[in-house]
There are 2 protein chains.
Amino acid sequence: MILDDFVKGFGGKVYPVNPHEKEILGLKCYSSVTKIPGKVDLATIAVPAKYVPQVMQECGKKKVKGAVIISGGFSEVGNVKLEEEVRQIANKYKIPVIGPNCLGVFDSTSKVDTLFNPRYKMERPRRGGISFITQSGAVGAVVMDWAGAKGFGVSKFISYGNALNIDEVDLLNYLGKDKETNVICMYLEGTRRGKEFIKTAKKVSCRKPIIGIKAGKTEQGAKAVASHTGSLAGSAMVWEAAFQQSGVIDARGMEQMFNYARVFAEQPLPRGKRIGIITNGGGFGVLATDACIKNNLEVPPLNKKIVEEIKKKVPKYAVIKNPIDLVGDADVHRYEVALDAMLKDKTIDAILCIILFQTADIDSSVISVIAEASDKRKKPIVCCAAGGSYSALHMRLLEEAGVPTFESLIDAADALTALAYYEDFKEGATCPI
Amino acid sequence: MILDDFVKGFGGKVYPVNPHEKEILGLKCYSSVTKIPGKVDLATIAVPAKYVPQVMQECGKKKVKGAVIISGGFSEVGNVKLEEEVRQIANKYKIPVIGPNCLGVFDSTSKVDTLFNPRYKMERPRRGGISFITQSGAVGAVVMDWAGAKGFGVSKFISYGNALNIDEVDLLNYLGKDKETNVICMYLEGTRRGKEFIKTAKKVSCRKPIIGIKAGKTEQGAKAVASHTGSLAGSAMVWEAAFQQSGVIDARGMEQMFNYARVFAEQPLPRGKRIGIITNGGGFGVLATDACIKNNLEVPPLNKKIVEEIKKKVPKYAVIKNPIDLVGDADVHRYEVALDAMLKDKTIDAILCIILFQTADIDSSVISVIAEASDKRKKPIVCCAAGGSYSALHMRLLEEAGVPTFESLIDAADALTALAYYEDFKEGATCPI
C-alpha cells in the first residue's frame, strides 16, 4: 500500500527494501538499506517491531536523513525497552523519526504519502494551507478523508504516534515556520513537555491559528488514553488554561476542528464580535440570534441610516433589523441589498448569511452575489443552508466559491466565535516580533 | 404549486376555486366555494389576506369541515383586526383552521400536501412514524427536506403559523392520540396557553416522546421572535422548567431534533444510562468516552467473565475494556464478537459502535452484523462513522438498515442521552392510564 502510494504520487526515486523479493510493483528491490545506490532522504519503515532496530542501524550507516516508523508493537503495548533501543540508535545517528505506531506523513507538495489506508476508502486532499498533527492515526485519517471529499486544501499531515524523538512541540515549531501552512490543526492525548508546549504554541499562535482537540479531558477519557497511546492525559482544567494562555482554539470535537479550519483558511479575521445576520426564514433568524448570544457574540442594531437605505430597496413586509429577515419570497436582489449594507455598516464585524433554498424565489444566482461579497475580504462571511439534495448542491457551490457553509446554525456561530477569539488573542498577546 | 401537489399526490377529488379561470391544471375551476358540487372536507386558502374573510364565509355556508389558510398579512404584520374577523367567522361556523401565515400541512397517508415549496427544491419524505408541528414554516421545510433526502419516514407535518383557532396544545393532543405517530417533533417560539401546554405535553409524553426546540431563549432571540411570529417568547428558565416537568426532550438545534427523532423512531429505549463503546480507532474511543461522561452517561467496566470470553476470540493486542478497542486491523469477526458480548453484558444498557471505514480490513459485511444486532431490539445501538464518499455510502447503508449513524461522536452521545432521559421520565412520571 505505502509503496503504491509513492509509485503513484511521488516524483523522486523510490527504492523498495525487502530481503525476500527481487522486484516489487515493477521496481528493483534491495535486500538492505545499505545496498541502495546513492543517497536516501527518507526511510519509511513498516516491518515487524522486532526488526526495527536492525533496519534503523542500517539507516544510520547509510546516513538516511529521516525516518517514518509505521510499525506498532512498542511502548503502546508495554514494549518500552524495544522503543528505547530504537531511540538510542536514532539519536546516535541523529535521525529524526516520526512514529513508531503511526500513519506517518502526507505532504501535498512533494506527494510523500506513507498513509496505508487504501485510496478508495480514504480520499487524499488537494494542495492547500491547512496542516494537521495528530497523536491518533484514526482521527487523522477521518479529517484527511473529509478534506479530500469536501474539497479543502491540505499542506502537511503528520500522525506521530509514540513520538520517539519528534513530538508535538517539534512539529508545532516546524509548522509555525512552514510557509505553506496557514492553519494548524492538532489532536493531542497528552504531552511530555508541558512548559515547552505552552511556550511554543503561544509563539506559533501569534503567526497563525492553532486549533486543538485535547482528548481524555474527563477522568474516564483519561483512562482510555492510558490504554491507547499511554500518554499522561492531565487534568481538563490544566489543559484548558494551557490552550487559553497560548491562544490555541479549543475544539469540542473533530467536526468543530474541521469547521474552524475551513473558516480560518477561507475568511479574513473580524475586527470584533458584532455579528450581522441575514435570513429568508424568520425562525432561522431567531435560532441564529440565540446561537450567537449564547456564544457571547453580539447581535447589535444596525446603523439607522443604513436601515433607511435598505428599506427603500426592499418590500415593506421585509423586517429590517438585525437579523434582517428578507422573508420567504426573497430573491437574489434582496440578498444583494442586505449584504452590501452589512459590509458598509461599521457596527457589524462579521456576517452570518442564511439562505433557505427550499423557497420558490431563490435560485443559484445568489451564490455569485455572496461569493462577490466574500471576495472583497472586508469582513468574514459564513453561510448557513440546510436541506436535501437541492440545498446540498448549493452548499457545495458556496464552499467552492470560498464561503464556508454550515447546515447547523450552532456550527456557524461557533466558527464565528473561533474567528473572534483568535482576533482577540492576537490583539492582546504580546507576540515576539 | 399547491394545486399541483394535490393533483400529483392526492387520491380524492380536488376542486380549484378562482373567479377568473375556467380551468386550472386540467381541472374545472369554480368561481366560488359555494358552487362546488357535493361535500368539501378541506379548503386550502391561498388568496390575498383581504379576501380571506369572504372565502371563509363561503366555506361556512358550504359547511366545509376544515381549512388551511396559507396567506400571510395578518397579525404578524400588525393586521390584528383582520385576523380577528377571520377568527370570528371560523368560530361561528365551527371550522378548525390551520394558519394563517403558514406552510400548512403534509400527510404521508392521504397525501394532502399544501406545502408550496417546489418538489425539486424540497423533497417529500416517505411514510413513517415521525410527526412535526412548527410555528416556523422555514424550519419545518428544512426538516421535511432532510427527512426526504435521508430516507426517514414522516406521518404528519403541520406548520400552524398564527394559530387562529388551532394551536400547539390542540396539535399535541391530536398527535398524542394519532396511531400513525410514534415520535413528535415541535418547534415553538411561544404559547398563549402555558398551563395547558405543560399538562398536555406531560400527558402525551407518557405515551410517546416529544422533542422540542424553543426558539428565542436569549433576550435578543426573544426580540427577534417579536418581529417574526409576534409571540411572547417567555424566559429561558421558565421554558426549560416546563420542558423538564412535561418530559419534553430539549433539543439544542434543528439537527439535534432530527437526530433524536431518528433514534426514537428506530431504536428501543435503554434500561439505564450505562454505555458500552466499541471502536477500531483508539482516539475515537477516548473522544466517545469524553462525550458520554460530559453528558452524565456512564461508561462502566465490562463484566469480567465476558471480558475473558472476548479475549479468547480476538488477538492479544486488542484492548478489551470499555471502550473495546478492536484496533486498526479489526475485521467483521471482531465486531461480531464485541457486539454479541455487549448485548449479553448486563452492566451495559446501550451500545455506541464506532466503525472507521478508512482501514484496510473492514468492509461492507460489518453492516449486516450490526443490523442483525440491532434487529434483536434488546438494547439501543447507534453507530458513528465519518469520512469521505466511501464512509458516507456505508453510513447510508447502516441508516437504511435501521441503525442511526452519526459523523459526530458528540451527536451520538447526545442521542443516547435523549433515550436515557426519556426512559427516566417514563419511569418517574406518574402517567395517567
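What counts and how
Residues numbered from 1 in each chain as written. Chains lettered and ligands numbered in written order. Predicted model: local features only at pLDDT ≥ 70, side-chain atom pairs only at ≥ 80, totals over all residues. Heavy atoms only, no water. Helix = DSSP H or I, 4+ residues; strand = E, 2+ residues; numbered from the N terminus. Buried < 20%, exposed > 50% of the residue type's maximum accessible area, 1.4 Å probe, protein only. Contact = heavy atoms within 4.5 Å. Areas by Shrake-Rupley, 256 points an atom, 1.4 Å probe, with all protein chains shown as cover. Salt bridge = Lys/Arg side-chain N within 4 Å of Asp/Glu carboxyl O. Polar contact = N/O pair within 3.5 Å; in protein donor to acceptor, adjacent residues only side chain to side chain. Nonpolar A, V, L, I, M, F, W, Y, C, P; charged D, E, K, R; others polar. Pairing = 2+ DSSP bridges. Patch = residues over 30% accessible without salt bridge, like charges linked within 9 Å, V, L, I, M, F, W, Y side chains within 5 Å. Lys, Arg positive; Asp, Glu negative; His and termini not counted. Charge placed at Lys NZ, Arg CZ, Asp CG, Glu CD. 1 Å grid on protein atoms, 1.4 Å probe; cavity = no way out; pocket = protein on both sides within 12 Å on 5 of 7 lines; lining within 4 Å. Points joined across faces, edges and corners; volume = space filled by probe spheres on them. Least-squares fit on C-alpha atoms with pLDDT ≥ 70 in both. Axes fitted to C-alpha atoms, helices over the stretch in contact; angles between N-to-C directions. Parallel < 35°, antiparallel > 145°, perpendicular 65-115°, else oblique. Phe/Tyr/Trp six-rings, centres within 6.5 Å; stacked < 30°, edge-to-face > 60°.

Caption draft 1: Quick peek at the overall build of chain A. Tallying secondary structure elements over chain A gives 15 helices and 17 strands in all. Seen through its C-alpha atoms, chain A measures out along the principal axes to roughly 80 × 45 × 40 Å. Buried positions account for 59% of the 433 residues belonging to chain A. Taking contacts inside chain A between residues at least 6 apart in sequence as the whole, the part at least 24 apart equals 71%. Put simply, chain A shows about 17,800 Å² of open surface, and 53% of that area lies on carbon and sulfur atoms.

Caption draft 2: Representation of the interface of chain B and chain A in the model. With 65 residues of chain B at the interface, the matching set in chain A holds 65 residues. Between chain B and chain A we count two salt bridges in total. Measuring nitrogen to oxygen at the nearest pair gives 4.0 Å for the salt bridge that ties E407 of chain B to K150 of chain A. At the boundary of chain B and chain A, one finds 26 residue pairs in polar contact (both at pLDDT 80 or more). When residues of the side of chain B that touches chain A are assigned to their parent elements, the largest contribution, nine residues, is made by helix α10 (residues 282-294) of chain B. Per-class residue counts for the side of chain B that touches chain A are 30 nonpolar, 20 polar and 15 charged.

Caption draft 3: The pairing of strand β8 (residues 154-159) of chain A, seen in detail. Residue and element names in this part refer to chain A. With six of six residues buried, β8 lies mostly within the body of the structure. As paired strands, strand β6 (residues 104-107) and β8 are joined by four bridges and run antiparallel to one another. Paired with V105 across the two strands is I158, which belongs to β8. Inspection of the sheet shows strand β7 (residues 127-134) paired to β8 by five bridges, in the parallel sense. Looking across to β8, one finds that I130 is bridged to V154.

Caption draft 4: Looking closely at the pattern of salt bridges. Residue and element names in this part refer to chain B. According to the stated counting rule, one finds 44 salt bridges over all chains in the structure shown. For E309, the salt bridge goes to K344, with nearest N and O atoms at 2.9 Å. Separated by 35 residues along the polypeptide, E309 in helix α11 (residues 304-313) and K344 in helix α12 (residues 332-344) bring together distant segments of the chain. On the basis of relative accessibility, which here comes to 32%, the residue E309 falls in the partly exposed class. Measuring nitrogen to oxygen at the nearest pair gives 2.9 Å for the salt bridge that ties R396 to E400. One end of the pair is R396 and the other is E400, both in helix α14 (residues 389-400) and four residues apart, which spans about a single turn. Given a relative accessible area of 37%, R396 falls into the partly exposed group.

Caption draft 5: Highlighting the sheet that holds strand β5 (residues 97-98) of chain B. All names here are of chain B. Ordered in space as β3-β4-β5, the three strands form an open sheet in which the pairing is parallel. The open sheet has two edge strands with one neighbour each: β3 (42-45) and β5. Examined bridge by bridge, β3 and strand β4 (residues 66-69) share four bridges and lie parallel to one another. Directly across from I45, in β4, lies its bridge partner I69.

Caption draft 6: Inspection of a negative patch on the surface at higher detail. Residue and element names in this part refer to chain A. On the surface, E336, D340, E372 and D375 cluster together into a patch of negative charge. Residue placement: D340 occurs in helix α12 (residues 332-344). You can call D340 partly exposed: its relative accessible area is 40%.

Caption draft 7: Spotlight on the layout of surface pockets. In this structure, the second largest pocket occupies an estimated 1,800 Å³ of space. As for the second largest pocket, its lining consists of 48 residues, of which K150 and E407 of chain A together with K150, M395 and E407 of chain B are closest to the centre. Of the residues contributing to the lining of the second largest pocket, the split by class is 16 nonpolar, 16 polar and 16 charged.

Caption draft 8: Fine view of the relation of the copies chain B and chain A. Screw-axis analysis of chain B against chain A gives a translation of 0.0 Å along the axis, an RMSD of 0.0 Å, and a rotation angle of 180°. In short, the pair behaves as if placed about a two-fold rotation axis. Comparing interface residues between copies, 100% of those in chain B also sit at the interface in chain A, which points to an isologous, same-surface contact.

Caption draft 9: Region of interest: the packing of helix α2 (residues 52-61) of chain B against helix α3 (residues 80-92) of chain B. Residue and element names in this part refer to chain B. The geometry of α2 relative to α3 is characterised by a closest axis approach of 9 Å and an angle of 0° between their N-to-C directions. Taken together, the axes of α2 and α3 are roughly parallel relative to one another. The segment α2 lies against α3, with V52, P53, M56 and Q57 engaging L82, E85, V86, I89 and A90. The residue makeup of the contact of α2 with α3, split by class, is seven nonpolar, one polar and one charged.

Caption draft 10: Layout of the environment of I69 of chain A. With respect to the secondary-structure elements, I69 of chain A resides in strand β4 (residues 66-69). Along the backbone, I69 of chain A and I45 of chain A are 24 residues apart, and their C-alpha atoms lie at a distance of 4.7 Å.

Caption draft 11: Layout of the packing of helix α4 (residues 137-150) of chain A against α10 of chain B. Here α4 of chain A crosses α10 of chain B at 90°, and the two axes come no closer than 5 Å. In terms of orientation, α4 of chain A lies roughly perpendicular with respect to α10 of chain B. Residue-level inspection shows A138, V139 and V142 of chain A of α4 of chain A in contact with α10 of chain B, the latter providing G283, F284 and L287 of chain B. Classifying every residue of the contact of α4 of chain A with α10 of chain B by side-chain character gives five nonpolar, one polar and no charged.

Caption draft 12: Seen up close, the side chain of D349 of chain A. Residues and elements named next belong to chain A. Following the sequence through the fold, D349 ends up in the loop between α12 and β15 (350-354). Residue D349 is classed as buried on the basis of its relative accessible area of 6%. Polar side-chain contacts of D349 include one of 3.3 Å to the backbone nitrogen of K273. Dropping the residues within four chain positions of it, D349 is found in contact with P270, R271, G272, K273, R274, K379 and P380.

Caption draft 13: Inspection of the sheet that holds strand β13 (residues 319-320) of chain B at higher detail. All names here are of chain B. The six strands lie next to each other as β13-β14-β12-β15-β16-β17, forming an open sheet whose pairing is mixed. Sheet topology places β13 and β17 (405-406) at the edges, where each strand pairs with a single neighbour. In this structure, strand β12 (residues 275-279) lies alongside strand β15 (residues 350-354), joined through four bridges in parallel fashion. When the sheet's bridge partners are listed, I278 is paired in β15 with C353. Those strands touched by α12 are β12, β14 (324-325), β15 and β16 (381-384), and its axis lies near 175° from that of β12.

Caption draft 14: Just the packing of aromatic side chains, in detail. Residue and element names in this part refer to chain B. Inspection of every chain in the model, using the stated rule, returns 20 aromatic pairs over all chains. Judged by centre distance (5.9 Å) and plane angle (50°), the ring pair of F132 and F157 falls under tilted. Highlighted residues: F132 in strand β7 (residues 127-134) and F157 in strand β8 (residues 154-159), separated in sequence by 25 residues. An angle of 65° between the planes, with centres 5.7 Å apart, marks the rings of F197 and W239 as edge-to-face. With F197 in helix α6 (residues 194-207) and W239 in helix α8 (residues 236-245), the pair connects residues that are 42 residues apart, well separated along the chain.

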